[in-house]
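# Survey of secondary and tertiary structure
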2 protein chains.
Amino acid sequence: MSQAILVEETLRSMGKLCIEHDPDVFRSVLDRIGDKWSLLVIGILEAGPRRFTELLRATPGVSRKMLTTTLRALERDGLITRTIYPEVPPRVEYAMTELGRTLSGPVLVLATWTADNQEAILANRDGFDAGLQPESPA
Amino acid sequence: MSQAILVEETLRSMGKLCIEHDPDVFRSVLDRIGDKWSLLVIGILEAGPRRFTELLRATPGVSRKMLTTTLRALERDGLITRTIYPEVPPRVEYAMTELGRTLSGPVLVLATWTADNQEAILANRDGFDAGLQPESPA
DNA sequence: CAGCATCCGCTATGATACTG
DNA sequence: CAGTATCATAGCGGATGCTG
C-alpha cells in the first residue's frame, strides 16, 4: 500500500517536473532523443563503439549530413565521445559516455512501453481516422 | 549478480527494440511526446481533467492552434479523451485514458533523469561550445 | 468557450558534390 | 575514410481573424 502511495506521490510530482522545472531544458533533452536518428544511434552505440561508416550502414536511410549532425549533437550533450585516430585512412570512433549509458535505462523503459503498446496506439489511430471522413465515399 | 546480467541482457535488447521493431512507429511515439507541448499537457492532465481554456492558461506560450493540434494528436493515439458537454457556453474536457496513464510511468522515469542530469548536460554544452570558436576574438 | 481557416517564416531534413 | 558546403524542400509552429 505504501508502494501505491509512493507511486501516486511520484506521479503527482510530474506536473512540477514538467512545468516548473524549466520546460525548455526538458524539451531540449527530449528533442535530442526524440529527433529522427538519435535513438537509433544510441541503440547501436549501446552495443559498443562504432566508426562513422559503420553507423552510416547500420542506420538505414540516414544521410552523411544528418548522421554528422546527430553525432555532434549527442557529443555536445556529453552523451557520446568522438575519438579521432590520426591514421592514414582516417578513423573516427564514437562511443557512449557514462552519462550516455545512464540514459539508456530510461530510454529502454520508454522503448519497452512503445513496443508493448504500439498495437493499441495503431489501432486507436485507425479508429480515430476512420471516424473522421465517413462522408467522402458517398 | 543475476540482476546485473538481467540488466545487461535487457540493454542488449535495445538495439533490437530500436532498429528491428519498426523504427517508424517508435519515432512516431517519440514525436508525440517529444514535440513542443505534449509532455506539458500530459503533465497537467495527469493531475486531473481540464478544459481547453484551462490548458491554454496552464501552458504558457502555447497558441490555440498548437494546443488544438497537440490535443488532437494525443486523442488520436488514445492517450487522452475529449468530452463535449452540449451546454450554452460550450464546455470541452480533456482527460487521460488508461493507456495515457500507463505512459506516465516511463515518461516520469525520463523526466526524472532529465531533472537529475540537466546540469551535467548544460555544462557539457557550454564546454563543447567554448571549445569551438576560440579564434574569432583574437 | 472552443475551436477552425489562412498565411507565413523558420528550421529540420535531405540530395548532391567537393575536400583533407 | 570522414566528413564539409551548397542548395532545395516540407512540415512545424506561430500570428491573426472568423465561427457556432
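Everything below is about the structure printed above this text.
Residues numbered from 1 in each chain as written. Chains lettered and ligands numbered in written order. Predicted model: local features only at pLDDT ≥ 70, side-chain atom pairs only at ≥ 80, totals over all residues. Heavy atoms only, no water.

## Things to note about the protein's contact with DNA strand D
The cut-off we apply is this: Nearness is judged by heavy atoms alone; a residue qualifies as near a molecule or strand once a single heavy atom is within 4 Å of it. Two N or O atoms form a polar contact when they lie within 3.5 Å of each other; inside protein one atom must be a possible hydrogen donor and the other a possible acceptor, and for residues adjacent in sequence the pair counts only when both atoms belong to side chains. The numbering of helices and of strands both runs from the N terminus, where a helix is a DSSP run of H or I of at least 4 residues and a strand a run of E of at least 2.
Every one of the 17 residues lining DNA strand D counts as a neighbour, but Thr53(A), Arg82(A), Tyr94(A), Lys36(B) and Lys65(B) are closest to it. At the protein interface, 62% of the atoms of DNA strand D within 4 Å belong to sugar or phosphate. A distance of 2.9 Å is found between a phosphate oxygen of DNA strand D and a side-chain nitrogen or oxygen belonging to Arg51(A). Here a phosphate oxygen of DNA strand D sits 2.5 Å away from a polar atom, N or O, in the side chain of Thr53(A). Those elements giving two or more residues to the surface near DNA strand D turn out to be helix 4 (52-58), helix 5 (64-76) and strand 3 (91-96) of chain A together with helix 5 (64-76) of chain B.

## Considerations on the packing of helix 3 (residues 38-45) of chain B against helix 5 of chain B
Residue and element names in this part refer to chain B. Let me state the cut-off plainly: Only the stretch in contact is used when fitting a helix axis, every axis being a line fitted to C-alpha atoms; angles between N-to-C directions are given from 0 to 180 degrees. Reported orientations rely on four angle classes, namely roughly parallel under 35 degrees, roughly antiparallel over 145, roughly perpendicular from 65 to 115, and oblique for the rest. Note on definitions: a residue-residue contact is assigned when non-hydrogen atoms from the two residues lie within 4.5 Å.
Remark: helix 3 packs on helix 5, axes separated minimally by 10 Å, with the N-to-C direction vectors making an angle of 70°. Taken together, the axis directions place helix 3 and helix 5 in an arrangement best described as roughly perpendicular. Residues Ser-38, Val-41 and Ile-42 of helix 3 lie in contact with helix 5, whose contacting residues are Leu-67, Thr-70, Leu-71 and Leu-74.

## Structural notes on the packing of aromatic side chains
Heads up, the condition is: In this analysis, rings of Phe, Tyr and Trp, with Trp reduced to its six-membered ring, are considered paired at centre separations within 6.5 Å, and the interplanar angle assigns stacked below 30 degrees, edge-to-face beyond 60, and tilted for intermediate values. In our convention, an over-ring charge means Lys NZ or Arg CZ found within 6 Å of a ring centre and within 35 degrees of that ring's normal.
Under the counting rule described, the total for this entry stands at zero aromatic pairs over all chains. The ring of Tyr85(A) has Arg91(A) lying over it, and the distance from NZ or CZ to the ring centre is 4.0 Å.

## Quick word on the relation of the copies chain B and chain A
Going by this rule: Our superposition of the copies is a least-squares fit, built on the C-alpha atoms of residues whose pLDDT is at least 70 in both.
When chain B is fitted to chain A, the best match, at an RMSD of 0.1 Å, comes from turning it 180° and sliding it 0.0 Å along the axis. In symmetry terms, the pair is related by a two-fold rotation axis. Minimal C-alpha separation from the rotation axis in chain B is found for Gly34(B), amounting to 2.7 Å. Most of the interface of chain B is mirrored in chain A, where 100% of its interface residues again form contacts.

## Side note on the pairing of strand 3 of chain A
In summary, the side chains of a regular strand alternate between the two faces of the sheet. Residue and element names in this part refer to chain A. Put simply, the rule reads: The rule for pairing is simple: two strands pair if DSSP sees at least two bridges between them.
Both strand 1 (residues 50-51) and strand 3 contribute to a ladder of two bridges, which runs antiparallel. Across the sheet, residue Arg-51 finds its bridge partner in strand 3, namely Glu-93. Strand direction decides the pairing type here: strand 2 (residues 80-85) and strand 3, joined by six bridges, are antiparallel. Each residue of the ladder has a partner; that of Tyr-85, found in strand 3, is Arg-91. Counted along the chain from strand 2 to the antiparallel partner strand 3, the turn is five residues long.

## As for the protein's contact with DNA strand C
Counted only if it meets this: Note on residue classes: Ala, Val, Leu, Ile, Met, Phe, Trp, Tyr, Cys and Pro are nonpolar, Asp, Glu, Lys and Arg are charged, and everything else, Gly too, is polar.
Near DNA strand C, the surroundings consist of 17 residues, among which Lys36(A), Lys65(A), Thr53(B), Arg82(B) and Tyr94(B) are the closest. A breakdown of the atoms of DNA strand C within 4 Å of the protein gives sugar and phosphate a share of 67%. In this structure, Pro90(B) approaches DNA strand C through a main-chain N or O atom, which is 3.3 Å from a sugar or linking oxygen. Take Tyr94(B): an N or O atom from its side chain is 2.5 Å from a phosphate oxygen of DNA strand C. Sorting the residues of the surface near DNA strand C by element identifies helix 5 of chain A together with helix 4 (52-58), helix 5 and strand 3 (91-96) of chain B as the ones contributing at least two each. In terms of residue count, the dominant contributor to the surface near DNA strand C is helix 5 of chain B (four residues). When its residues are assigned to classes, the surface near DNA strand C shows seven nonpolar, two polar and eight charged.

## With respect to the environment of Arg51(A)
Its place among the elements puts Arg51(A) in strand 1. What Arg51(A) contacts, discounting residues up to four positions off in sequence, is Pro90(A), Arg91(A), Val92(A) and Glu93(A).

## Things to note about the pattern of salt bridges
Quick reminder of the rule: Salt-bridge detection follows one rule: a side-chain nitrogen of Lys or Arg within 4 Å of a carboxyl oxygen of Asp or Glu. Remark: exposure states derive from per-residue accessible area (1.4 Å probe, protein chains only) relative to the maximum for the residue type, with buried under 20%, exposed over 50%, and partly exposed in between.
Following the criterion strictly, the structure yields 12 salt bridges over all chains and no others. With a shortest N-O distance of 3.5 Å, Glu98(A) and Arg101(A) are connected by a salt bridge. Highlighted residues: Glu98(A) and Arg101(A), both in helix 6 (residues 98-130), separated by three residues, approximately one helical turn. The class of Glu98(A) is exposed, set by a relative accessible area of 55%. With relative accessibility at 41%, the residue Arg101(A) sits in the partly exposed group. Overlapping salt bridges bring together Arg32(A), Asp77(A) and Arg125(B) as one network.

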